Structure formats: structure tokens, C-alpha cells
Amino acid sequence: MSYRNIFISLLLLNYIHAQSVFNAYGLGLSKSGHYTATSGAGSIGLVPTFHPGVSLDNPATWPGLKFTYISGSYNSRSVGLDNKNDITYGNGLDKIQFVIPIQDRYAIGVSLKLVNNHNSYFKTDSSTFDFQGKNLITNKEFRSGGGLLAGSFGVSFPMNEKMGLGFSVDRLFGSSRDEHSLVLNDIHYRMFNIRTYSGTVMNLNFAGNFYNDNDLIVLAFARISMTGKPVSGTLYQFDLFEDRNDNYTYDPDDYPATVNVDTIEVSDIYAPNSFSFGLNAGFRNDLNIFGEFQIWSDEASSANYESIYTDQIGSKTHFGGGIVKFGNIGARAWQDKLTFRLGAFKESYGLKYSGKTINENGITMGIGFKFAVTGNQLDFSYRTGSRSINGDYKELVKGFNIGLSLGDVWFLRRREKQ
Amino acid sequence: MNFFLLKNRIIVFCLIGLITFFSCEEAAIPVKDDGIPMKLDTISFPVIKAMSYQVPPEMGRTDLLYFGNKDGYNFSYNLIKLDSSSVTAGTPFSFYNDSLIIVDSLKFSLRFDSDSIENNPEFQLRYFPDGGDSVFNELESNYINFDKSIASTFISTGQLESDTTDTNQTKVFLNFLLDSSIVNAFRDTNITDFNRSFLVELKNEESESFIFHSSDKVGADGPQLKVYYRQFVSDSVVLDTTFRTYAAIEDLSIIIPPPISTDDSSYLSVGTAMGLKSIVLVDMVDWILDPRAIISSAELIFNFALDDTLQNYTVISYPIINEGDFLQFSSFDKDPYDEDFNYYTSTSIVEDKLKINHRKIATEIGHQKYNNYGFKLEPSISNDPFRTMLFYSIDSPDYFPVMRVIYVLP
């Protein structure tokens, strides 16, 4: 099948990600890794997980690719509560990427990836009270969706024989919407907000080989991400209305007769900066052990951009580690072509205004299978874990990812004919 | 690549995508109501002033026309105005100006509300040859402001007659046969839109009432005039007699109500034939509603004061646009309180309570955009006009009126 057909098919896959209450804080939870191989190891994309020496999420490692790759990653995720049977499911594309290595020294790549997950759908329990003889039954419902996407362009080049740099620019764009509703005696009172986003983030990636003998290779990786242009946006804020026919939109049957929309321009609403560091120890039997660390912060000066919760995520730290056993494409037995990944991570998100902390822990596992002479790879990953806020509210998260990378020969040195 | 093979692969991928999509369900995650927006709030406003008042009965939109006397009401006479064009054919009265048209006779009929005749008094008919283009206004004329003396002397008398043309139903009509000269007044060429009005009354005072269909009664036989004529095609050839029907477009019973009772003036009362209305003032001073809030309901609540099971009685309410006189019960020749029709509401009494939702105007008042002079209550035309409703007023310790507002804040 041609790349074109794969691409068309991937676009037709839907774009709904599992909701979480935490996605209603500001722009929601930021994604740490985007490709299935990365997710399988619980990595943030610094250390090699796709191919020995290569992470598709780290441009500095792209020259290690043997072929040009087009890849896509798709996830399906469930979020449930700790003590209840409420489980929500979602799925969607994480990333589409096209990377071209050039003569084992350089590489360029473009990608489209999801930066934040803003998808949430939650409600409160119904409560009943009496207002001077009138029985009022009420609860609240909230939904949000959409979010930030990044169109990314990256290049990589060598510093010397053992070190390389990768530079990428993420053009942030997208839109999100949320709906606030209060249900009073089965009548919905709804309010909608729609937001658009625009900004840029620049990333400098480093990869270096610091120790190399016959039994052990030690690689170090780092990334500095800085906001080029803080995300600005336009907020379209619709007035509250009574949705009499419960069709989710304002129409002439609803109350009041007219609904106004305020258009508010807001700048500097999201300005992420981060520093990430990772170490990978590779052993002779293709077994790799890695550890990663990341600190992330949102330096935006504008106050809450009308997210559902009147708080937003201001910082994040990530600790993670795992092992990766790469498969050998040249092996005869199919079992030897398999790549195995196992990882664990802990992430802590700090809320800007309340000071509360969202803690997330998870373990991940993944498997990859190489096929065809151009290094095509099919990856699967599974993660399970939990996230909670100050021990008060806890979600159980399970995710399944599938990634497909198709290789081809572009700009590579070809063997001369004998 | 084979075209069909390529096409099949794309279809397979699309199907995988669709199946994945539809296999996903979305369920809301339950959370605590803590730190999330949207708030329900309530507030109660007392009615601090309330008073009933009386105006001449406004019977113009009732379904029936009344003659005689009933329960102290005196139905003096009825005024009826005809359409300028005939039913179906649209023939104007000027049609009869043609010298080739000979009007033979006219018959003016009213449909009796009963299908049997027990007492058959004599009625008499007058018209208004000197009335110009307008004699009465269905919505404004009453026993105080209408001068009956402008009518002619009686031009015809009539009595109830059974019509058995329809074998399935006997209808009773009050028919007046008119001289063909009457049509001359209607076709008057000097007045473009002549009044085309009649006055119908009992010839003698009767102790009982006689009720007829009004033009406002849906699916009924309103008052009508039939004009019988012949048309000459040439000097020697004349067509057979035919007729045109002119239906009533306005009709009105002029009635004089009985004296006001103590209950009528001490409770908050509404009644069409008694001309009773009420005004109330809700104390909403200093109340400021959040600009982004929406009122779910602003119910002005009244408790029914009669020991009676009541259904389908409807009360209309509007804000008034001038100061109300709440000091004492008064009778007026003309309703002194103008309404703001933009905030009209119509509400039925349910379980002995009248709950009028005035959320539109309450929103304006809460936003400080409207002067709150109070609200008027008056009966709907759909009610029995002779039924007077009494509601407890502000002096009732348990059943006083109140406005309860429920609103949602973002």
C-alpha cells in the first residue's frame, strides 16, 4: 500500500481522546510522548525507543535512522474512577510524522502532533432542595474538547563524531470549546466558550555518546524547550441560555430571544518552557536501560483563560525509567525481530492558583515488530496507571497505542554496484 | 497497483476507523460540586402593595352575545359590524350601485346558542345611517362611553325561528327581514368605508337571558346579513334571484354589571363581566441581577381564595407603565393603567394557585433597565366572563402573594 493510502486512512480515523477531569484545568494535561514506541517505554521521547539510538520524538537522534519514515500513532484510552464503575473511553491520533535521514549525518522531519488533551466530560450528582414549597432538582454537566496541536519542523546535524543536535520549531495552533451546563428540573441552562490558539515553541535537542566499549554504550540526551511566541487566542464567549428543546445549540425555541457573543482577544495565555534530561545504557545484547527527568512550567502571564475549573496547570515534573530490548531486522527467527519495552513513570502537575498537585503514576509496556527490507515497524503499547489530586479524587487510566512506521530509501548512500 | 485492490484497501482502513469510532462510548465522570462554575440561586420578593379596581366590562372578544338579564347583569343591547365584502365572492356593497342590480330583500340573522326555543320574545333592530364610518369599537365601547341615541329608530323586529334544513341538527336563528332600502346606506358613495353596523336589543325588558353566537366563536355561526338580488343581463333578460352573505367582523354586548361586593373589593379580584382587574407592586428595589445570569423563573404567586375546584381559568398579566393607586378600591370609566405588551404573560390557575412567570421583565428590572411600577392582572377572554376570581391579598397572614425568582449564574 502506498504512503498516500495510509495517510488518507489515518486522517479518517477519529480524533476523540479520553476525557479526564484534569483536562478541564486550563488547557489540560500536556502530553509527554507522542509516538507508540515512546509510550511503550513510558518515555518522554528523549531516549531511543524506536530503533537502536533513535527516538522518533527526538530530532537529535534522527540521523541514526536507516530509512526515511512516515509514521502515525493512534491511541485508545479509558479513564475510570477508583471507587465507581464509571468508565469513559476515547481514542484518536497522537502524531503523524515524516522523517528523512540524510547520509547518516543530517535529518529533517515534519510532524503534526497533539500537544494538550482538553477533552473532558463530567457531572455532579443531583441534589434536591426546597425553595418555599417548590422542589428543585439540580446538577451540573461540563464538557470540553479540542485543544492545541503542533505543526512541527525539525532538523538535526552533527556536532562531532559522538554528538548531535536537533532543532525543531513547533507552530502551535488549534481551537477548543467547552460547555457549561446546569440542569434544573430537567431543563438545561448552557453556556458555550470557543477559543482559538496561536503561538510557537522552539526545542533544542542534544544526543551524545559518552561511553562506548564492546559491552556498554552510554548515551545522554537533553532537551530545552522555550516559548518563541506565547500562545495568544480569541475567546468567543456565548451568553447563558435555556436550552428548552435540549438540542445543545441555541435556536429560536430557546430562552432568551437573543444571545450575545463576546469576542475577547487574549495574549500570553500559554508559554511552556521545559528542560529534559535522559540517560541510556545500552548493553551488548541490545538491552537498554534508561532514565529520564523533565521539569516543565507554563510562564504565561494571563490569568485563567476561562477553562471550566478556575485554575490551571502551571508546572510539571516527570521521572521515568525502563528497559528496551531492540529486535534485529536481520534475524532469521521472527521472535528475534521483536522489540520489547517496559517502563514506569511518575508525573506531578502543579496548579497555578490553588497550589494543589495532580500526581500521576503509571507503568507501560510495548512491543514492536519489524518487517520488510525497508525497516517497516508496527508498534503496540499499553499503559496503566492512576492520577489523583491531593489524594481527593482519583482516576484510573488505561491506554492502548498502535503505531505504524513505513520506511523507504531517500537521500541515503547506496551501495555501489560491483 | 491494481485499481480495485487499492480501492479495497482504502475501504478496509476506513471501516476500521468507523468501527473504532462507534465502539467508543462517552460517559460523564462524576465529580464533587467543588470549585466548578455555574450556580443556582434563589430570591424571594414580597408584594408590598396590591389593590383591585373596576372598569366598564370589556366584552368585545367574548364567544357569545348576551341579551336580557342574568345574575344581576343587565345586557342592554348588542352592537354588530359587518364586513365590507361578501363571504367567498368578496362582493362589496358598491356592487349594488349598478342600475342592472335590483336588491329584493335583506335578512340579518343571529344564531341562538340553544337548539330549542322555550321563551320567544321579540327583538328589534336599528342601524346607524348617520353614524359615518365608525360607530363603535369592539375593544373600547361600553355602557358608559357609547351613546345609543345615535342609532336609528328600529327598522325591523324579529323572533327566534327553528331551521331544520340540516336534518342532523336543529339550529335556531333570530332573523330580521329588512327593507331593501337599507342597503342604500351601506353602499353610500360619499363615505368610502361606511359603518355597516346594527344595534340589536330586546323589544321589552326580560328577566331571563338570551345568548347568541359571536363572530369570535370558532366554528360557529356568527351574525350575518344576506342580500338577495337579481341582475339584468339586458333590458329584457334577468337572472334568477341570488344572494351574497356579509359576515360580522366586530360584535359587542353592552352590559351593565351588578354592584361590587365586599369580597370583590377586599380580595384581589379579576372578572370580565364585572370589569374587575388588580394591580400589585413587588418590592424589587435595590435588586441587581448579575449581567450574565439567566432567570429560570420569576413566579408571581397568588393563592385562590374561593372554596371551589377551579380548572382552566386563565389570567393575563403585564407590567404597568405608570404609577398605580394602591390606596383604595376605585371604579374608573377607562382603565387608567397602560400595559407593556412586550411582557404579556398568560397563566392558568393550577391547584388553587396562580403562578405567573414574569422572568423577562424581572430580568430587565434586575438589570436596572426598567422602572418597576407593578403588575396588572386581568381575565383572559377564554374564561367564562361571568366568573369572578378572588385571590388573597397582602393582608392574608398565610396566603399573601409573593414573587419567587430562581436564576442561574455562570
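Residues numbered from 1 in each chain as written. Chains lettered and ligands numbered in written order. Predicted model: local features only at pLDDT ≥ 70, side-chain atom pairs only at ≥ 80, totals over all residues.

1. Observations concerning the overall build of chain B
The secondary structure content of chain B amounts to four helices and 23 strands. Its C-alpha radius of gyration of 31 Å places chain B more than 25% over the 22 Å reference for a compact globule of 410 residues. Taking the principal axes of the C-alpha coordinates as reference, chain B spans close to 90 × 85 × 45 Å. Considering only intrachain contacts with a sequence separation of at least 6, the fraction spanning at least 24 residues in chain B is 82%. (Helix = DSSP H or I, 4+ residues; strand = E, 2+ residues; numbered from the N terminus. Rg over C-alpha atoms; globule rule 2.2 N^0.38 Å. Contact = placed C-beta atoms within 7 Å.)

2. Let's talk about the overall build of chain A
Counting its secondary structure elements, chain A contains two helices and 21 strands. Rg of the C-alpha trace for chain A: 23 Å, near the compact-globule value of 22 Å for 418 residues, within the 12% margin. Dimensions of chain A, computed from C-alpha atoms along their principal axes, come out at roughly 95 × 40 × 40 Å. Relative to its full complement of 418 residues, chain A shows a buried share of 45%. Taking the intrachain contacts of chain A between residues at least 6 apart in sequence as the baseline, contacts between residues at least 24 apart amount to 66%. (Buried ≥ 20, exposed ≤ 12 C-beta atoms within 10 Å, placed from the backbone.)

3. A closer look at the domain arrangement of chain B
All names here are of chain B. Domain annotation of chain B identifies domain 1 (39-56 + 259-409) and domain 2 (64-256). Using C-alpha coordinates to define each centre, domain 1 is positioned 39 Å away from domain 2. Every contact between the two is made by four residues of domain 1 and, on the other side, seven residues of domain 2. For the side of domain 1 that touches domain 2, the residue count by class is three nonpolar, no polar and one charged. (Domains from an automatic or database assignment. Nonpolar A, V, L, I, M, F, W, Y, C, P; charged D, E, K, R; others polar.)

4. A short note on the confidence of the model for chain A
Close inspection of predicted coordinates is inappropriate in any region flagged by low pLDDT. The predicted model of chain A has a mean per-residue pLDDT of 88, with 92% of residues at 70 or higher. For residues 1-16 of chain A, every residue scores under 50 in pLDDT, and the model assigns this stretch 34 contacts once sequence neighbours within four places are set aside. (pLDDT = per-residue confidence, 0-100.)

5. Remarks on the environment of Asp-311 of chain A
Residue and element names in this part refer to chain A. With respect to the helices, strands and loops of the structure, Asp-311 is situated in the loop between strand 16 (287-298) and strand 17 (313-325). Residue Asp-311 is classed as partly exposed on the basis of its C-beta count, with 18 C-beta atoms lying within 10 Å. Sequence-wise, Asp-311 and Thr-36 are 275 residues apart; in three dimensions their C-alpha atoms are separated by 31 Å.

6. Examining the nonpolar core
Membership of the largest hydrophobic core comes to 100 residues, with the highest contact counts inside it found for Val-200, Phe-391 and Val-408 of chain B. Residue-level mapping places this core at the junction of two domains, with at least three residues from each of domain 1 (39-56 + 259-409) and domain 2 (64-256) of chain B. Residue contacts for Phe-391 of chain B: discarding those within four places in its chain leaves Tyr-267, Leu-268, Phe-302, Asn-303, Phe-304, Ala-305 and Leu-354 of chain B. Within the second largest apolar cluster, 16 residues are counted, among which are Tyr-121, Phe-122, Phe-142 and Ile-313 of chain A. (Core = buried A, V, L, I, M, F, W, Y, C linked by C-beta atoms within 7 Å.)

7. Description of the pairing of strand 5 (residues 106-114) of chain A
Residues and elements named next belong to chain A. Here strand 4 (residues 87-102) runs beside strand 5; their pairing, made up of eight bridges, is antiparallel. Residue pairing for strand 5: Ile-102 is matched across the bridge by Tyr-106. From the end of strand 4 to the start of strand 5, which pair antiparallel, there are three residues, and Gln-103 there has a positive phi angle of about 55°. In terms of strand pairing, strand 5 meets strand 9 (residues 134-158) through eight bridges, oriented antiparallel. Opposite Leu-112, over in strand 9, you have Gly-151 as the bridge partner. (Pairing = 2+ DSSP bridges.)

8. Some details on unusual backbone geometry
Residue and element names in this part refer to chain A. Of the consecutive residues Tyr-255 and Pro-256, the connecting peptide bond is found in the cis state with omega at 0°. For Pro-256, the location among the structural elements is in the loop between strand 13 (241-243) and strand 14 (261-270). One non-glycine residue, Asp-268, lies in the positive phi region at around 55°. As for its placement among the helices and strands, Asp-268 is situated in strand 14. The residue Ala-372 is not glycine, and still its phi comes out positive at about 70°. Structurally, Ala-372 can be placed in the loop between strand 19 (357-371) and strand 20 (376-389). On the basis of neighbour counts, which here come to 11 C-beta atoms within 10 Å, the residue Ala-372 falls in the exposed class.

9. Regarding the environment of Ser-380 of chain B
Residue and element names in this part refer to chain B. Relative to the helices and strands, Ser-380 resides in the loop between strand 21 (375-379) and strand 22 (389-391). Note on Ser-380: 16 C-beta atoms within 10 Å, which makes it partly exposed. Taking C-alpha positions, Ser-380 is 20 Å from Arg-359, a pair spaced 21 residues apart along the chain. Not counting chain neighbours up to four residues away, the residues in contact with Ser-380 comprise Thr-314, Val-315, Ile-316 and Ser-346.

10. Brief notes about helix 4 (residues 359-366) of chain B
Side chains of residues three or four places apart in an α-helix project in the same direction, reflecting 3.6 residues per turn. The element helix 4 of chain B is largely enclosed, with a buried count of six among its eight residues. Backbone geometry just after helix 4 of chain B places Gln-368 of chain B at a positive phi near 60°.

11. A word on the pairing of strand 12 (residues 216-238) of chain A
Residue and element names in this part refer to chain A. Sheet topology note: the strand 11 (residues 187-212)/strand 12 ladder contains 18 bridges and is antiparallel. For Met-202, the partnering residue across the bridge sits in strand 12 and is Met-226. Turn length for the strand 11-strand 12 hairpin, with the two strands adjacent in sequence and antiparallel, is three residues. Pairing of strand 12 with strand 15 (residues 272-283) involves ten bridges; the strand directions are antiparallel. By the bridge assignment for strand 15, Leu-216 is matched with Phe-283.

12. Some words on the confidence of the model for chain B
Residue and element names in this part refer to chain B. Counting all residues, the mean pLDDT for chain B is 89, and 93% of those residues have values of 70 or more. Here residues 1-8 scores under 50 on pLDDT; set against residues more than four positions off or in separate chains, the count is two contacts. Contacts for the low-pLDDT stretch residues 14-25, under 50 throughout, to residues beyond four places or in other chains number 15 contacts. Scored as a whole, the predicted complex attains pTM 0.79, and scored at its interfaces, ipTM 0.77.

13. What to know about the environment of Asp-408 of chain A
All names here are of chain A. Considering the arrangement of structural elements, one finds Asp-408 in strand 21 (residues 393-408). Accessibility expressed as a C-beta count within 10 Å gives 14 for Asp-408, which makes it partly exposed. Residues Asp-408 and Met-365, 43 residues apart in the sequence, show an inter-C-alpha distance of 27 Å. Residues contacting Asp-408, with those up to four places away along its chain left out, are Phe-67, Thr-68 and Thr-374.

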